[in-house]
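Structure at a glance
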Amino acid sequence: VTVEAPLEGGVNATATAIFERIVIPEIQSGFGDDTTNPIELIQDVTDISHIVVSINGLIQAPNIDYTLNSKVLTFDEVVVSGDLVVVYYLNINRESNVQVGVGNGSTSPLVLTQDAGTGDPASESILVIINGVVQRPNVDYVVSGTGLFFGEIVPLGDTIVIYYLGLQLTNTQRSSGDGTTNPLVLSQSVNNIGNIIVSINGLIQLPNVDYIVDGT
């Protein structure tokens with residue numbers, strides 16, 4: 001992965017790879033236009049859990065920050081002109097789903113709606129977001145069955161979004177910045193940039209703008 005600018009030591013970069021899916025992964029980006037419908041989706045989406053949507057790197061909460069009707073994406077607030085909107089079309093499998101909850105002042109604010117198992121594969125089979133910021137599996141949180149346990153208390157009212165990506169269908173790789181634009185080598189060869197979601201310090205990066213991929 002080559003990012004736009006060098007990452008200083010201690011800056012966390014996470015790449016979540018989605019290597020198996022029924023249709024070809026796709027990424028769409030556009031800009032706000034001072035309306036609640038700044039872009040039209042390029043795919044007909046039947047389930048809101050099949051896409052991840054971000055604005056300026058912050059992942060939006062489905063059915064809270066936006067709603068979906070086929071190719072029509074409607075935000076609950078006007079998207080300011082120039083704001084960057086990115087849509088990831090995710091893997092479609094029998095485990096695909098999304099769950100939204102809120103913090104309750106504890107480290108285990110909700111129960112998962114699916115049994116994710118235990119260990120690294122379990123934590124890496126879900127994408128966890130708090131207030132739009134991507135959390136690091138096995139660092140910021142761990143999973144055991146339907147239990148989700150954060151390393152720190154999740155404040156009351158914080159928005160938690162969990163995408164179920166499919167057990168054994170995903171892999172997560174973490175690294176820290178090293179002052180270069182190539183802070184890590186991917187653990188698997190990637191021939192489609194839509195197969196990975198890259199975040200730096202929890203903020204989603206824009207493919208082919210913030211980073212490019214060439215194999216590993």
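Scoring rules and cut-offs
- Residues numbered from 1 in each chain as written.
- Predicted model: local features only at pLDDT ≥ 70, side-chain atom pairs only at ≥ 80, totals over all residues.
- Heavy atoms only, no water.
- Helix = DSSP H or I, 4+ residues; strand = E, 2+ residues; numbered from the N terminus.
- Buried < 20%, exposed > 50% of the residue type's maximum accessible area, 1.4 Å probe, protein only.
- Areas by Shrake-Rupley, 256 points an atom, 1.4 Å probe, with all protein chains shown as cover.
- Pairing = 2+ DSSP bridges.
- Core = buried A, V, L, I, M, F, W, Y, C linked by side-chain atoms within 4.5 Å.
- pLDDT = per-residue confidence, 0-100.
- Contact = heavy atoms within 4.5 Å.

**Description of the overall build of the protein**
The secondary structure content of the protein amounts to one helix and 18 strands. Every one of the 216 residues in the protein was classed for burial, and the buried ones make up 50%. Carbon together with sulfur atoms contributes 49% to the accessible area of the protein, which is approximately 9,700 Å² in total.

**Section: the pairing of strand E5 (residues 51-55)**
Taken across its five residues, E5 has five buried, putting it largely inside the fold. On E5, burial covers both faces: Ile 51, Val 53 and Ile 55 on one face and Val 52 and Ser 54 on the other are all buried. One ladder, built from five bridges, connects E5 with strand E8 (residues 84-89); its direction is antiparallel. Each bridged residue has a counterpart across the sheet, and for Ile 51 the counterpart in E8 is Tyr 89. Sheet topology places E5 next to strand E6 (residues 58-59); two bridges connect them, and they run antiparallel.

**Focus on the nonpolar core**
By size, the foremost hydrophobic cluster in this structure holds 37 residues, and its most contacted members are Ile 51, Leu 73, Leu 127 and Tyr 163. Breaking this core down by element, the ones donating at least two residues are strand E4 (40-45), E5, strand E7 (66-75), E8, strand E10 (126-130), strand E14 (159-164) and strand E16 (196-200). The dominant element in this core, judged by the number of residues it contributes, is E8, at six residues. Leu 110, Leu 112, Ile 126 and Leu 148 belong to the second-largest nonpolar core, a separate cluster that totals 15 residues.

**Focus on the confidence of the model for the protein**
Reading predicted coordinates in detail is not appropriate for stretches of low pLDDT. Considering every residue of the protein, the mean pLDDT works out to 85; 87% of them sit at 70 or more. The model gives residues 18-23 a pLDDT under 50, and that stretch makes 19 contacts with residues more than four places away or in other chains.

**Concerning the pairing of E10**
Burial analysis of E10 places five of its five residues in the buried class, which makes it a mostly covered element. The alternating pattern of E10 places Ile 126, Val 128 and Ile 130 on one face and Leu 127 and Ile 129 on the opposite face, and all of these are buried. Direction of pairing for E10 relative to E14: antiparallel, over a ladder of five bridges. Paired with Val 128 across the bridge in E14 is Ile 162. One ladder, built from two bridges, connects E10 with strand E11 (residues 133-134); its direction is antiparallel. Within E11, the residue paired with Ile 129 across the bridge is Val 134. If you look at the hairpin formed by E10 and E11, you'll find two residues sitting between the two strands, and Asn 131 has a positive phi there, around 50°.

**Some remarks on the environment of Ile 212**
Looking at where Ile 212 falls in the secondary structure, it is placed in strand E18 (residues 211-212). Under the relative-accessibility criterion, Ile 212 is labelled partly exposed at 46%.

**Considering unusual backbone geometry**
Positive phi values are uncommon outside glycine, yet Asn 201 reaches one of about 50°. Tracing the backbone through its elements, the reader meets Asn 201 in the loop between E16 and strand E17 (203-204). The phi torsion at Asn 208 lies on the positive side, around 65°, for a residue other than glycine. Relative to the assigned elements, Asn 208 resides in the loop between E17 and E18. By relative accessible area, which is 54% here, Asn 208 ends up exposed.

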